[in-house]
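Examining the three-dimensional arrangement
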Amino acid sequence: MIRLRLFVIVFLLTMPSILPAQIRQGGGSGMDETELYASTKQVNQFFRRFNGEEDQKGKRYYQNDRAYRDVSLRKNYITILFDDDNSGIPNDRKKAFINDVTDKRNPKYLNFHDDGWFAEVSAVFTRSGQEENISLFFKIQPQGQGFEWVLDKATSMQYQQYFGKDSSDQKSFLHPMSHELDFMNLHKSFRNQKGVDFTSTEFKPDYLSIFLYELGNKTIAFKTVKNLKFHFFQCEGWYFQISEYNRPGYNSGWLISDLAPIKNEDISALKAFIYDQQ
Amino acid sequence: MNLIAIKYMKNLSMLALLFCISFGALAQSADISPQRKQAIDSLALEKVRDLSKYISIIGDKETAYSEANRVMDRAEELFAPDSEMGVSSLSTEEITYYKVREYFQRLMALNYDKVKIDWYDIHYISDLEQQPDGKYVGVVTVYQRFEGTSEDGLTYKDTTKKDITIYVEKKKTQIAGRTIEFWDVMLGDIRVTETSA
């Protein structure tokens, strides 16, 4: 742990020394700019640093450049791409991750246009004058001549409360001869019970359709975005999450806020958990 | 800085534009080559610097009302229609949205006796990604230092990160009967975040 911290400090301390003198001081403000320089200022920069595709000044490396995707550059960068204040990610896990994604025989890179990553937007909407949080999940897809972010999932506590299904033997049901009575028992069932208890075992709620319906008929109205994070499954064997840290010091901007090893067969369960949590 | 100085900045911008024209004439591939990307980055940075100058003039309490309005007109010309500023502070997670003109007007009307706006030299320019309509889009990040002093001598300071959308589009123009393609840059929505730096 101490060795890792020492390494990060040394790497960061080398950053100011390679900066031209004119960018060390703010435009007349007298403030040291190296913190801003060290910050991972855009998600784009997170990708570039992770892949080892830019220099310490943010200048892009291309395939013909010698330092492009250089292993030691990548190791240095990825080491500083973790949220240092997060004690939930053990150092040996970080180390295993860095070694795995920079392994010369099978290096793992992030690709903006590929599947395997998505955005989670915590947005605020108003419903009958009251604020309500709704999480929206977006993914990148090809469209026309380029790409676009598209809505993939939505979730809200407001929606979830109607979908807690009773799976016990005492659950409500429509008896098997209901059809002979023209389903007249719906009158009682829908008045007294939760509708979801009358759904099939395969039923899965689609919150995005409900969200779109409510947005379309103006039951809800967009107010603001409160928070944003990204989930990555692009590095085989690993899941990680990045969040933005707006704070002083050399460890700020877009950083890894969660990291876990994951087997391929567990990915869909983890995704389902991410989509359903509020 | 007055409008003469701004016109000088405009000339620089035109130079950058012509620089891009020459690249436009040389390379016609669908992808943006590293050389062309650099030329477009320079042009985008010129526009961002123009905007920085305009913001400093609009915010300056020494700027006459009529001059500030003229500068606002010039500044608005840098933006694609319907561009907005999304502003948040350290005290609230919420983003407040302003039309560009409204943002400038609020800046001009700030209740300080003296206002000083500086820009850090640091900037970060993202890759350019192609949109469905064929235009390219990128983001330039810059940092601004604001200092407002009220009549009773109290000083308010903040540093804001500005993530500025840039739209890059290949256009055509006629020069001496010849059709020349060039790359033009427009500014779009700007996310303004107060930093704790």
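These numbers come from a predicted model, not from an experiment.

Counting its secondary structure elements, chain B contains four helices and seven strands. Starting at the N terminus and walking to the C terminus, you meet the elements of chain B as α-α-α-β-β-α-β-β-β-β-β. Considering chain B as a whole, with its 197 residues, one finds that 49% of them fall into the buried category. Taking contacts inside chain B between residues at least 6 apart in sequence as the whole, the part at least 24 apart equals 63%. Total accessible area on chain B stands at roughly 9700 Å², and carbon and sulfur atoms take up 52% of it.

Our next topic: the sheet that holds strand β4 (residues 220-232) of chain A. Residue and element names in this part refer to chain A. Pairing within the open sheet is antiparallel, and its six strands lie in the order β3-β2-β1-β4-β5-β6. One side of each edge strand has no neighbouring strand; the edge strands of this open sheet are β3 (146-155) and β6 (253-261). Neighbouring strand axes in the sheet, compared pairwise and without regard to direction, differ in orientation by 35° on average. Pairing between strand β1 (residues 117-127) and β4: eleven bridges, direction antiparallel. Across the sheet, R127 pairs through a bridge with I220, a residue of β4. Seen against the sheet, helix α3 (residues 43-51) touches β1, β4, β5 (238-245) and β6 and runs at an angle of roughly 135° to β5. Packing of helix α8 (residues 207-216) onto the sheet brings it into contact with β1, β2 (130-143), β3 and β4, and relative to β3 it is tilted by some 100°.

Across the contact, 34 residues belong to chain B and 38 residues belong to chain A. Buried surface at the junction of chain B and chain A, summed over both partners, amounts to about 2900 Å²; 51% is from carbon and sulfur atoms. Counting the surface chain B buries against chain A, the share from its top three residues, I122(B), Y124(B) and P132(B), is 23%. One can count four salt bridges joining chain B with chain A.

With 39 residues, the main nonpolar core has L51(B), F79(B), F104(B), V140(B), I166(B), V168(B) and L187(B) as its most contacted residues. Breaking this core down by element, the ones donating at least two residues are α2 (34-59), α3 (65-77), β1 (84-89), α4 (100-108), β3 (114-125), β5 (136-149), β6 (155-175) and β7 (178-195) of chain B. Setting aside residues no more than four positions away along its own chain, L51(B) makes contact with L78(B), F79(B), F104(B), I164(B), L187(B) and I190(B). One finds F46(A), F50(A), F230(A) and I256(A) within the second-largest nonpolar core, a separate group that totals 24 residues.

For the rest of this paragraph, the subject is the packing of aromatic side chains. A full pass over the atoms with the stated rule returns 36 aromatic pairs over all chains. Judged by centre distance (6.3 Å) and plane angle (50°), the ring pair of W149(A) and F230(A) falls under tilted. Of this pair, W149(A) sits in strand β3 while F230(A) sits in strand β4, and the two are 81 residues apart along the sequence. What makes W149(A) partly exposed here is its relative accessible area of 35%. Aromatic side chains Y112(B) and Y156(B) sit 6.4 Å apart centroid to centroid with 15° between the ring planes, which places their arrangement in the stacked category. Within this pair, whereas Y112(B) is found in the loop between α4 and β3, its partner Y156(B) is found in strand β6, the two being separated by 44 residues in sequence. By relative accessible area, which is 23% here, Y112(B) ends up partly exposed. Classification of Y156(B) by relative accessible area gives partly exposed; the value is 34%. In this arrangement the basic side chain of R69(A) is found over the ring face of Y109(A), its NZ or CZ atom lying 3.8 Å from the centre. For the cation-ring pair, K271(A) lies above F233(A), with the distance from its terminal atom to the ring centre recorded as 5.2 Å.

So, about the side chain of T34(A). If you trace the backbone, T34(A) turns up in helix α2 (residues 34-38). Of note is the side chain of T34(A), whose polar atom sits 3.2 Å from the side chain of Y250(A).

In this section: α8(A). An α-helix turns once per 3.6 residues; consequently, residues spaced three or four apart project the same way. Residues and elements named next belong to chain A. Buried within α8 we find Y207, L208, F211 and E214. End-on, the buried residues of α8 take up no more than an arc of 130°, which puts them together on one face. Exposed residues pointing more than 90 degrees away from the buried face of α8 are listed as Y213 and G216. Just past α8, the residue K218 takes up positive phi, approximately 65°.

Moving on, we get to the packing of α2(B) against α3(B). Residues and elements named next belong to chain B. Their axes nearest at 9 Å, the elements α2 and α3 cross at an angle of 155°. Relative to α3, α2 is oriented roughly antiparallel. Considering how the two elements wind past one another, α2 and α3 form a crossing that is left-handed. Between α2 and α3, the residues in contact are Y54, I57 and I58 and A68, V71, M72, R74 and A75, respectively. Partitioning the contact of α2 with α3 into residue classes produces seven nonpolar, no polar and one charged.

Turning to its location among the elements, L90(B) is positioned in the loop between β1 and β2 (92-99). Taking relative accessible area as the criterion, L90(B) reaches 48% and is therefore assigned partly exposed. Not counting residues within four places of it along the chain, the set of residues in contact with L90(B) comprises N246(A), E194(B), T195(B) and S196(B).

The rules behind these values
- Residues numbered from 1 in each chain as written.
- Chains lettered and ligands numbered in written order.
- Predicted model: local features only at pLDDT ≥ 70, side-chain atom pairs only at ≥ 80, totals over all residues.
- Heavy atoms only, no water.
- Helix = DSSP H or I, 4+ residues; strand = E, 2+ residues; numbered from the N terminus.
- Buried < 20%, exposed > 50% of the residue type's maximum accessible area, 1.4 Å probe, protein only.
- Contact = heavy atoms within 4.5 Å.
- Areas by Shrake-Rupley, 256 points an atom, 1.4 Å probe, with all protein chains shown as cover.
- Pairing = 2+ DSSP bridges.
- Axes fitted to C-alpha atoms, helices over the stretch in contact; angles between N-to-C directions.
- Buried area = accessible area lost by both parts, 1.4 Å probe.
- Salt bridge = Lys/Arg side-chain N within 4 Å of Asp/Glu carboxyl O.
- Core = buried A, V, L, I, M, F, W, Y, C linked by side-chain atoms within 4.5 Å.
- Phe/Tyr/Trp six-rings, centres within 6.5 Å; stacked < 30°, edge-to-face > 60°.
- Lys NZ or Arg CZ within 6 Å of the ring centre and 35° of its normal.
- Polar contact = N/O pair within 3.5 Å; in protein donor to acceptor, adjacent residues only side chain to side chain.
- Arc of directions from axis to C-beta.
- Parallel < 35°, antiparallel > 145°, perpendicular 65-115°, else oblique.
- Left-handed = near helix turned anticlockwise from the far one by under 90°.
- Nonpolar A, V, L, I, M, F, W, Y, C, P; charged D, E, K, R; others polar.

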